[in-house]
Amino acid sequence: MTKVSSRHDIVGRAISALRFPLIIGVVLIHCNLLPSLGADGAGRGFDVWSYKVIGLLSGVMARSCVPLFFILAGYLYFRSINKLTPNLWWRKTRRRLVSLVVPYLLWNLIGLCAFLFKRYLGDSAGFGQYTDISVSPFTILSGFWAVPHTSYPYDFVLWFVRDLIVVAVFLVPVVWYMTLGKIWVFIISSVMMMVWGSGMMYIDGWYYFYAGAFIAVTRLDVSRLGRYMWLLTCIWILLSFLVLFSSGTEWWDRGLGFLCQCSGIVAMTSLALYYVDRGGKPNVWLENSAFFIYACHGLYSSVVMRFLLGHIDLSSNLRIISVYFADFIILLGISLLFYAVCHKYLPSMTTVLTGGRTKNIPDTPH
């Protein structure tokens, strides 16, 4: 085995090892209680230590997970490309119709049913935010892109897949020519992200997908990052605390947030490389459950949080932390249970719902 193929093998195994932990991070993002408690802003300015813990985990550190998914998508798309041709673009686009578009439509169809259910329950069940949305053919169709008055589709977590479809299908030629500009285009794009900050719908997805494409096309050797795992992780933790305790209102806070996200991306990659380089093997069952968990938990994450907030007294730090972790355990547990049942008894449907990501895997974790 050549050194190049060996590096590709290590990186490929690291990507497999990353998928389930990254989904854990995504679920944690949606367990953030601070906005519901009127304490948004990653715990800034609060003396309650539970706010700080939630803000650090869900409001800061977990925020590196979604950008890393975009980077992995860009990297995997361009990893084996020496020249982008119309035929190659079309072959990859056809694959993405199965792996992205079909599951996106199906999960949002399930999300539409959940939306209508909440819409007609209305104020009596605590879903008053849906009662003002009129139900018509136009609003029903538009919800597959974004529900009226929001930026998200019916299954709100699938905004990522929606943006990825746009970038990985329609903007691929643009990304390809940007990678040919080599380092100076990447530097300019990164500076722009640092100045204007992240959080801009559509722009973030494009940039991080392009970053992954840049790594692939320029053949950057990321396999050695595992050697610096401890240093990179410490830098990520330090920057995360700086973001947590920053005011969030100064112009440089945007750049600090961007640097923190990037440090998290590099640190998590180094952790995965460190793990596989020392013989660690990804759990295939958990790895292949990742997309199902991701799409499934978005259908009821707000319901679980509303229930917990409405039935548990939040008069102490321990109670707040308990609700936070209970929310996480319930969301992850229900999603894993649904996945296990569907994969065992409805394997063909599960394969379609996950874009072909569950073929030839065991029925139970190992």
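These lines cover the structure that appears in this document, whether it is placed above or below.

This paragraph deals with the overall build of the protein. Counting secondary structure elements, the protein contains 15 helices and zero strands. A buried classification covers 49% of the 366 residues belonging to the protein. Sequence-distant contacts in the protein: of pairs separated by 6 or more residues, those separated by 24 or more amount to 76%. By element, 68% of the accessible surface of the protein is carried by carbon and sulfur atoms, the whole surface being about 18,000 Å².

What the rule picks out here adds up to 28 aromatic pairs. Look at Tyr-77 and Phe-209: their rings are 6.2 Å apart centre to centre, the planes differ by 70 degrees, and that puts the pair in the edge-to-face class. Residue Tyr-77 is located in helix α3 (residues 65-78), and its partner Phe-209 is located in helix α9 (residues 203-217); the two are separated by 132 residues in the primary sequence. Accessibility assignment for this pair places Tyr-77 and Phe-209 in one class, buried. Here the aromatic cluster, defined as three or more aromatic residues joined through ring pairs, consists of Phe-186, Trp-206, Tyr-207, Tyr-208, Tyr-210, Phe-214 and Phe-258. Looking at Arg-162, its charged tip hangs above the ring of Trp-145, at a distance of 5.1 Å from the centre.

Side chains that are three or four residues apart share a direction in an α-helix, a result of its 3.6 residues per turn. For helix α12 (residues 284-297), built from 14 residues, the straight-helix expectation of 20 Å at 1.5 Å per residue is met to within 8% by its first-to-last C-alpha distance of 20 Å. Its maximal kink placed at Ala-290, α12 deviates by approximately 40 degrees. A large share of α12 lies buried, amounting to 12 of its 14 residues. Those residues of α12 lying buried are Trp-285, Glu-287, Asn-288, Ser-289, Ala-290, Phe-291, Phe-292, Ile-293, Tyr-294, Ala-295, Cys-296 and His-297.

Taken as a whole and assessed by the stated rule, the structure comprises five salt bridges. The residue Glu-287 makes a salt bridge to Arg-19 at a minimum N-O spacing of 2.9 Å. Taken as a pair, Glu-287 in helix α12 and Arg-19 in helix α1 (residues 3-29) lie far apart in primary sequence, 268 residues in all. Here Glu-287 falls in the buried class, since its relative accessible area comes to 16%. A salt bridge links Arg-224 to Asp-221; the nearest nitrogen and oxygen atoms lie 3.4 Å apart. Classification of Arg-224 by relative accessible area gives partly exposed; the value is 47%. By relative accessible area, which is 31% here, Asp-221 ends up partly exposed.

Okay, unusual backbone geometry next. For residues that are not glycine, phi is negative in most cases, and the peptide bond is trans in most cases. The phi angle at His-149 is positive, at roughly 75 degrees, despite the residue not being glycine. Classification of His-149 as exposed rests on a relative accessible area of 75%. Of note in the backbone geometry, Arg-219 takes a positive phi value of approximately 55 degrees without being a glycine. Tracing the backbone through its elements, the reader meets Arg-219 in the loop between α9 and α10 (229-244).

With that out of the way, let us pick up the nonpolar core. Core analysis: the largest hydrophobic core is formed by 102 residues, its most contacted members being Phe-78, Trp-107, Val-161, Phe-209 and Tyr-294. Element by element, the count of residues in this core is highest for α1, at 14 residues. In this view, Tyr-294 contacts Ile-23, Val-26, Val-157, Leu-158, Phe-160 and Val-161; residues no more than four positions away in its chain are not counted.

Where nonpolar side chains cluster on the molecular surface, the patch consists of Ile-183, Trp-184, Ile-187, Ile-188, Val-191, Met-192, Val-195 and Trp-196 and spans about 830 Å² of accessible area. Within the secondary structure, Met-192 sits in helix α8 (residues 182-196).

A few words on the environment of Ser-289. Relative to the helices and strands, Ser-289 resides in helix α12. Along the sequence, Ser-289 and Ile-23 sit 266 residues apart, while their C-alpha atoms lie 9.5 Å from each other. Once residues lying within four places of it in the same chain are set aside, the contact partners of Ser-289 are Phe-20, Leu-336 and Tyr-339.

What follows deals with the side chain of Ser-16. By the secondary structure assignment, Ser-16 is in helix α1. You can call Ser-16 buried: its relative accessible area is 19%. Those residues in contact with Ser-16, other than ones at most four positions away along the chain, are Pro-282 and Glu-287.

Procedures and definitions
- Residues numbered from 1 in each chain as written.
- Predicted model: local features only at pLDDT ≥ 70, side-chain atom pairs only at ≥ 80, totals over all residues.
- Heavy atoms only, no water.
- Helix = DSSP H or I, 4+ residues; strand = E, 2+ residues; numbered from the N terminus.
- Buried < 20%, exposed > 50% of the residue type's maximum accessible area, 1.4 Å probe, protein only.
- Contact = heavy atoms within 4.5 Å.
- Areas by Shrake-Rupley, 256 points an atom, 1.4 Å probe, with all protein chains shown as cover.
- Phe/Tyr/Trp six-rings, centres within 6.5 Å; stacked < 30°, edge-to-face > 60°.
- Lys NZ or Arg CZ within 6 Å of the ring centre and 35° of its normal.
- Expected span 1.5 Å × (residues − 1).
- Bend = angle between axes of the 7 residues up to and from the residue.
- Salt bridge = Lys/Arg side-chain N within 4 Å of Asp/Glu carboxyl O.
- Core = buried A, V, L, I, M, F, W, Y, C linked by side-chain atoms within 4.5 Å.
- Patch = residues over 30% accessible without salt bridge, like charges linked within 9 Å, V, L, I, M, F, W, Y side chains within 5 Å.

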